[in-house]
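Here is how the chains run, residue by residue.
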Amino acid sequence: MKYATPFASEAPTSLHAFTEEELMLKETVGRFARDVVQPRVQAMDEAEVMDKDIIQAMFENGLMGLETEADYGGAECSFTAAILAVEELAKIDPSISALCDIHNTLTNTVIRKWANKDLKEKYLSRLATDTVGSFAISEAGAGSDAFALQTRAEDKGDHYLLNGGKMWISNSGEAEIFVIFANVDPSKGYKGITAFIVEKEWGVEIAKKEKKLGIRSSSTCVLNFDDVRVPKENVLGEVGHGYKYAIDSLNEGRIGIAAQMIGAAQGAYDIALPYMMERKQFGAAIGTFQAMQHQFAQVAVEIEAARLLTYNAARLKEENKPFIMEAAMAKFMAAKVAEKATSYAVEWMGGNGFVRETGVEKFYRDAKIGSIYEGTNNMQLQTIAKIIGDKYK
């Protein structure tokens, strides 16, 4: 793990400089989120179910194959464009954003980067056009210590038999295609971990759907595998290299989670600020009181700081430069500011922030997951500390 180091550029630009394609996607996704997603957010949250029509609309609008090559039906966008899309969706609904993010930055990415040509042809077009994917690594005893997983894949000659289970698996309620990590040889420890592409119809059991504090319409389920037969050709990449693929994908995925949290923070902020400028007490808008001004100004600073950390990490990743520490910093900062911004937004709106009608309390509930999934805040600090410490040894 290394630092990203400064480099010379003939035309240095701000971190708000984007290509025409990236800006167009940002605007298109923002409009989609406002017009298509927003009218159904409250109903989905109450029902704790993702609206199938919205999922279909996301496929139709190219949001489920953002980086996937055009040959496979994808939009072939840059990584930064995908991050912008995730952020725009989260400004309206972090649940929809989570579906899009996990499908793109984890499931699609691991297949794009390490699957052979046959597996790419078989699955990437489905994932880009009509089938939700899920990334399954976490288990009851393997959360932050992901490599402690116990799911076993036993070699049976022309196939593997998959046995075990997974917990906290996002998108699993809607998914038909799973990237599942299992150990083919526990005697080798984490070097036995192997990735498999598994179709739900082969016997993946959705054992339980969790009832959650936030991002409630985004499904999070327990999976069971009981002698699930997986063809040898569905090994993703090389046997025993699953741990490498997981590390790489999760490092990249943290930038997506950061974008989710920035969007959630901005979404709550964008509801609360107009209210503060209109709501009058003691003959003046509450947003004109100095104490309130200092609060919303500081939150604005922190949202922007998290946004720039996230955009910087995304660009470093695109440039094939070290980005692990920067991704950890972005996720840590974005998760912290999302909690702060959404909590303040509820307070700024008083009783109107506490009720469900305005939507601010939902952002508050949704924000908490940012400090937990794809690496807790403490794990991000551990990553940052290790990289800094290595520099000074």
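Preceding this paragraph is the structure being described.
We now turn to the structure provided with this report. (Residues numbered from 1 in each chain as written. Predicted model: local features only at pLDDT ≥ 70, side-chain atom pairs only at ≥ 80, totals over all residues. Heavy atoms only, no water.)

What follows is about the overall build of the chain. Scanning the chain from N- to C-terminus turns up twelve helices and ten strands. For the chain, whose C-alpha radius of gyration is 21 Å, the value lies close to the compact-globule estimate of 21 Å for 393 residues. Overall, the chain is about 80 × 50 × 40 Å in size when its C-alpha atoms are taken along their principal axes. Going through the 393 residues of the chain one by one, you find that 54% of them count as buried. Within the chain, counting contacts between residues at least 6 apart in sequence, those at least 24 apart form 76% of the total. Of the roughly 17100 Å² that the chain leaves accessible, carbon and sulfur atoms contribute 52%. (Helix = DSSP H or I, 4+ residues; strand = E, 2+ residues; numbered from the N terminus. Rg over C-alpha atoms; globule rule 2.2 N^0.38 Å. Buried < 20%, exposed > 50% of the residue type's maximum accessible area, 1.4 Å probe, protein only. Contact = heavy atoms within 4.5 Å. Areas by Shrake-Rupley, 256 points an atom, 1.4 Å probe, with all protein chains shown as cover.)

Next up on the list: the pattern of salt bridges. Evaluation of the coordinates by the stated rule reveals 32 salt bridges. Linking Glu-121 and Lys-117 is a salt bridge whose minimum nitrogen-to-oxygen distance equals 2.3 Å. Linking Glu-121 with Lys-117, this pair stays in helix α6 (residues 117-129), spanning four residues, or about one helical turn. When its relative accessible area of 40% is taken as the criterion, Glu-121 is described as partly exposed. Two residues, Arg-229 and Asp-158, come together in a salt bridge whose shortest N-O distance is 3.7 Å. (Salt bridge = Lys/Arg side-chain N within 4 Å of Asp/Glu carboxyl O.)

Nonpolar side chains in soluble globular proteins tend to be buried together. Formed by 44 residues in total, the largest nonpolar core has its most connected members in Met-58, Leu-162 and Phe-196. Not counting residues up to four positions away in its chain, the partners in contact with Leu-162 are Thr-151, Arg-152, Ala-153, Ile-180, Ala-182, Val-198, Phe-225, Asp-226, Asp-227, Val-228 and Val-230. (Core = buried A, V, L, I, M, F, W, Y, C linked by side-chain atoms within 4.5 Å.)

Time to look at the environment of Trp-114. Topologically, Trp-114 is positioned in helix α5 (residues 94-114). By relative accessible area, which is 23% here, Trp-114 ends up partly exposed. Considered as a pair, Trp-114 and Gly-192 are 78 residues apart in the sequence and their alpha carbons are 17 Å apart. Ignoring sequence-local partners within four residues, the contact set of Trp-114 consists of Leu-236, Gly-237, Tyr-245, Asp-248 and Ser-249.

We note that Asp-227 has phi near 55°; this positive angle belongs to a residue other than glycine. If you trace the backbone, Asp-227 turns up in strand β7 (residues 220-231). A positive phi angle, close to 55°, is found at Glu-374, a residue other than glycine. Here Glu-374 lies in the loop between α11 (360-367) and α12 (377-392).

This is a description of form; function is not addressed.
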